[in-house]
Amino acid sequence: MSAAVDELALGETFTFDELVAAVQRRRQRRLRIVELTDLSDHNGLCAVLLTTDAEDLIVHARSDSVLHRQQFVLHELAHMILGHEIDDDSDGPDFLLPDIPAETRRRLLRRQNLDTGEEVLAEIIADNLAAAIRGSAKQSSRYLEIFG
């Protein structure tokens, strides 16, 4: 998949919860995943990663599809796994979004351009993570079919 994903030591297939736990272990901090019911993927923003001194937080849009919601989160997890950090030093005041930390504003604005190398790579990794999670579910269901 990628060297960064391999470092998580998850194997070929894993569950979504195992992935989240591995990311938390690697980053040595809590990760919360929160759905904003007022945010819809039709608004153009599907998910965003917020970091505080104490924890990481992935906020994602509501969607009727569980797989669609999972993909939103997997994309943000991919950014975390790949170590995509914002290196912009522009910390000037923002009069439109004063309550949002400067780093978060930069991340939100930067992620609006989906053609960047980081965005494309994060989506590829998210797709690969989704495939591994589906593989885990298939193996699990085969076990139940055979051994009941």
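Note that the coordinates shown come from a computational prediction; the quantities given were computed from them, not determined experimentally.

Enquirer: Go over helix α3 (residues 66–82) with me, naming the residues and quoting the values.
Expert: For α3, with 17 residues, the first-to-last C-alpha span of 24 Å sits near the 24 Å given by 1.5 Å per residue. Most of α3 sits inside the fold, with twelve of its 17 residues counted as buried. Listed in full, the buried residues belonging to α3 are Gln70, Gln71, Phe72, Val73, Leu74, His75, Glu76, Leu77, Ala78, His79, Met80 and Ile81. Near the N-terminus of α3, the side chain that reaches the backbone nitrogen of leucine 67, with its oxygen 3.3 Å away, is that of serine 65.

Enquirer: Summarise the pairing of strand β3 (residues 55–62); cite the residues concerned and give the values.
Expert: Burial runs high along β3: seven of the eight residues are buried. Inspection of the sheet shows strand β2 (residues 47–51) paired to β3 by five bridges, in the antiparallel sense. Residue pairing across strands places alanine 47 opposite histidine 60, the latter belonging to β3. Adjacent in sequence and paired antiparallel, β2 and β3 are bridged by three residues.

Conventions adopted
Residues numbered from 1 in each chain as written. Predicted model: local features only at pLDDT ≥ 70, side-chain atom pairs only at ≥ 80, totals over all residues. Heavy atoms only, no water. Helix = DSSP H or I, 4+ residues; strand = E, 2+ residues; numbered from the N terminus. Expected span 1.5 Å × (residues − 1). Buried < 20%, exposed > 50% of the residue type's maximum accessible area, 1.4 Å probe, protein only. Polar contact = N/O pair within 3.5 Å; in protein donor to acceptor, adjacent residues only side chain to side chain. Pairing = 2+ DSSP bridges.

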